[in-house]
Amino acid sequence: MKKIGIATLVAAVLVLGLLGATVARSGTEDWRGWQTRYLEQWKAKGGTGAPPPVEVKQDRLLGFGEERIDRCRSCHVAVDDPLFKDGKEPLRTHVSIAPHSFGEMGCSICHEGDGRALDADLAHGKDHFWPEPLLQGAFIESACARCHVAPYPAEAKHLRRGRELFEKYACVGCHTVQGLSRGNIGIELTDIGNKRKHDFLLQKVEKPRFNVPLTLMPPFHIPEADRIDLVVFLKSLRGPTPIAEDPMERRARLKRFKNESPAEVEVSVEAGKKAFEARGCISCHKLGTADGKLAPDLGYLGLVRSADWVEAHLADPRQHVPGSSMPTFFTSRSERKALATYLTSLNGLTAPAAPAEQYAQLCARCHGEKGGGDGPVAETLVPRPRIFTNAKFFNWLPEERAYKAIREGVPGTAMPPFGKILDEKQAQALFGWVRTNFLGEQRTQPPVPRKVPEKNPVAYSAESVKRGKAAFLERCYGCHGRIGDGKGPNAPDMLPRPRNLTTKLFFKDVPDSRLFESITYGVVGTGMPPWDMLSEDQRWDLVNYVRFLSTTGPAATGRGQ
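Residues numbered from 1 in each chain as written. Predicted model: local features only at pLDDT ≥ 70, side-chain atom pairs only at ≥ 80, totals over all residues. Heavy atoms only, no water.

Caption draft 1: Representation of the overall build of the protein in the model. Summing up its helical and strand segments, the protein has 24 helices and 6 strands in all. Since a compact globule built from 561 residues should have a radius of gyration of about 24 Å, the 32 Å found for the protein marks it as more spread out than a globular shape. With respect to the three principal axes, the spread of C-alpha positions in the protein is 100 × 80 × 50 Å. Across the 561 residues that make up the protein, the buried fraction comes to 42%. Long-range contacts, defined here as pairs at least 24 residues apart, represent 58% of the contacts in the protein between residues at least 6 apart. For the protein, the accessible surface area stands at approximately 30,700 Å², while carbon and sulfur atoms represent 55% of it. (Helix = DSSP H or I, 4+ residues; strand = E, 2+ residues; numbered from the N terminus. Rg over C-alpha atoms; globule rule 2.2 N^0.38 Å. Buried < 20%, exposed > 50% of the residue type's maximum accessible area, 1.4 Å probe, protein only. Contact = heavy atoms within 4.5 Å. Areas by Shrake-Rupley, 256 points an atom, 1.4 Å probe, with all protein chains shown as cover.)

Caption draft 2: Main features of the domain arrangement of the protein. As far as domains go, the protein holds domain 1 (31-134), domain 2 (149-255), domain 3 (269-344), domain 4 (355-439) and domain 5 (462-556). Between the C-alpha centres of domain 2 and domain 4 there is a distance of 38 Å. (Domains from an automatic or database assignment.)

Caption draft 3: Fine view of the packing of helix 6 (residues 157-168) against helix 10 (residues 224-236). In contact at an axis separation of 7 Å, helix 6 and helix 10 are set at 100 degrees when each is read in the N-to-C sense. In terms of orientation, helix 6 and helix 10 fall into the roughly perpendicular class. Note on element contacts: helix 10 touches helix 6 through A225, D226, D229, L230, V232, F233, L234 and S236, opposite H158, L159, R161, G162, R163, L165, F166 and K168. Classifying every residue of the contact of helix 6 with helix 10 by side-chain character gives 8 nonpolar, 3 polar and 5 charged. (Axes fitted to C-alpha atoms, helices over the stretch in contact; angles between N-to-C directions. Parallel < 35°, antiparallel > 145°, perpendicular 65-115°, else oblique. Nonpolar A, V, L, I, M, F, W, Y, C, P; charged D, E, K, R; others polar.)

Caption draft 4: Just helix 6, in detail. An ideal rise of 1.5 Å per residue puts 16 Å on 12 residues; helix 6 measures up with 16 Å between its terminal C-alpha atoms. Here helix 6 has its buried residues at L159, G162, L165 and F166. The buried residues of helix 6 occupy an angular sector of 115 degrees when projected down its axis, which confines them to one face. Those residues of helix 6 that are exposed and angled more than 90 degrees off the buried face are K157 and E164. The inward-facing, buried residues of helix 6 abut helix 7 (171-174), strand 3 (176-177), strand 4 (181-182) and helix 10. Directly beyond the C-terminal end of helix 6, a positive phi value near 60 degrees is found at A170. (Expected span 1.5 Å × (residues − 1). Arc of directions from axis to C-beta.)

Caption draft 5: Region of interest: the packing of aromatic side chains. Enumeration over the complete set of coordinates arrives at 18 aromatic pairs. Judged by centre distance (4.9 Å) and plane angle (35 degrees), the ring pair of Y38 and F84 falls under tilted. Of this pair, Y38 sits in helix 2 (residues 30-44) while F84 sits in the loop between strand 2 (68-70) and helix 3 (102-105), and the two are 46 residues apart along the sequence. Here the aromatic residues Y359, F388, F393, F394, W396, Y403, F431, W433 and F438 are joined through ring pairs into a cluster of three or more. Note that R182 overlies the ring of F257, its terminal NZ or CZ placed 3.7 Å from the centroid. (Phe/Tyr/Trp six-rings, centres within 6.5 Å; stacked < 30°, edge-to-face > 60°. Lys NZ or Arg CZ within 6 Å of the ring centre and 35° of its normal.)

Caption draft 6: Spotlight on the side chain of R547. Within the secondary structure, R547 sits in helix 24 (residues 536-549). Not counting residues within four places of it along the chain, the set of residues in contact with R547 comprises Y460, F507, V510, P511, D512, L515, T552 and G553.

Caption draft 7: Quick peek at empty space enclosed by the protein. Applying the stated criterion to the full structure yields 1 cavity of 30 Å³ or more. Estimated volume of the largest cavity: approximately 40 Å³. For the lining of the largest cavity, the per-class residue count stands at 4 nonpolar, 1 polar and 1 charged. (1 Å grid on protein atoms, 1.4 Å probe; cavity = no way out; pocket = protein on both sides within 12 Å on 5 of 7 lines; lining within 4 Å. Points joined across faces, edges and corners; volume = space filled by probe spheres on them.)

Caption draft 8: Inspection of the confidence of the model for the protein at higher detail. In the predicted model, the protein carries a mean pLDDT of 89, and the fraction of residues at 70 or more is 92%. Scored below 50 in pLDDT, residues 21-28 shows 3 contacts in the model against residues more than four places distant or in partner chains. Contacts from residues 556-561, a stretch scored under 50 in pLDDT, to residues over four places away or in other chains number 10 contacts. (pLDDT = per-residue confidence, 0-100.)

Caption draft 9: Geometry of the layout of surface pockets. Taken as a whole, the second largest pocket holds about 1,400 Å³ of empty space. Taken together, 47 residues make up the lining of the second largest pocket; nearest its centre are H94, I97, C110, H111 and I140. Those elements giving two or more residues to the lining of the second largest pocket turn out to be helix 3, helix 4 (108-111) and helix 5 (120-123). With 4 residues, the single largest contributor to the lining of the second largest pocket is helix 4. In terms of residue class, the lining of the second largest pocket is made up of 27 nonpolar, 12 polar and 8 charged. When we break the lining of the second largest pocket down by domain, the ones giving at least three residues each are domain 1 (31-134) and domain 2 (149-255).

Put into structure tokens, the structure is as follows:
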């Protein structure tokens, strides 16, 4: 009994201590202190009438689809008191928001934060896990879209401009926003404002790869003011139903949008130029003095691509370059033809005589001024451009392949054919300059011959593909990915990146012997190691599996294994 009594006494003391601390803290709550100061200043400023009581001031808001509780005016007690127009927060008169009323609107509907909290840090949403931190400055305008539909009130200039920038920077081509855009290679953004904080969106717009290293989204070169306004608009996207829009009217509007057909245009250079400007192409590409620094120079496109190629590329960019970050815009066939007509009319380039100038004009944008594979558009290209300072690779590379790549391009990549710009001797001289300038000297000895069978002795069959898949998942997926798209878990740390094995355009002209050689000996100067420890039949099974992945094997087997 004695022990129990002591334990009970200790517990009682602890409880009393906690109660005392709670009582003491309740007397120093932020809201009490601010209301006390408000009363003191109110009297000093000549306030008349009965002074307001010191109490928690709570607004119960029912006009926004759900009940909201705001206690913000417990600290911001002077928001509607004109005596405090020159005060300092939180004792400051709020700017006029007529016809809005604090009693009807509250504060958190516009400013977000935690309206129920009475602690300043919690009320301002500074808890890392709170989904709605306080919006300040231009970002407050994102809340206007809760009630107002586009084109939004004139006072919301950042929100209005952000919507315009969403089209200017061609975001509409990649992302879907219900009733606004139909992009299909990026995530849907209809309710992104509910899912992400504004600081995350700012970082994502500036550096898309900060949390997804292999994302297709390129790092747009957007000025800070544009980034802020664009994020104001993105933060405003909080779902499909603004409060001010009748649900049935919205339903009818979205149905009309869904059933719209792309506009037909005249097939002409003039119409194509107009479409080029309207689609925001210059936000990525270079043309004349304008340069988005994300995609190839289009100033001489007519010398490297045909109109049919351009039209097909506009219809589906990934049929030519799997993994391309170029969006498929909502266009009619006539608009694509007009764009192709205009773009292939751009052919005013005459190749400079000197290889150094040829490199600067044709190559540096992708491969970099010093051959490091780090040109201004390199980060957006899939696969990335070759690194010309990679001595191991270029001392091994057969020169005929290099000349062919310059003249005929590399299918399945962004490397175009320069055969109409450079003749064979110029291509050889250019490659010689690249080797001398970036590697220091010409190669003095040819590559050591390798013993590689000319034909695959293992028949392409479902059984061989199945064995090849097993070997692939055991040995290869870490770099090339489980589906062979070059996005394995090791890929972000590798340069050059692993090859995308699903690229039909590249592999259709690559003989089995070259695939067997790469598997057996590896690819010097890359992360691809030799797999000569596998039996020959296992390596040929892997060749057959690559044919399966790239759909370049016999049609009878298909890809459904």
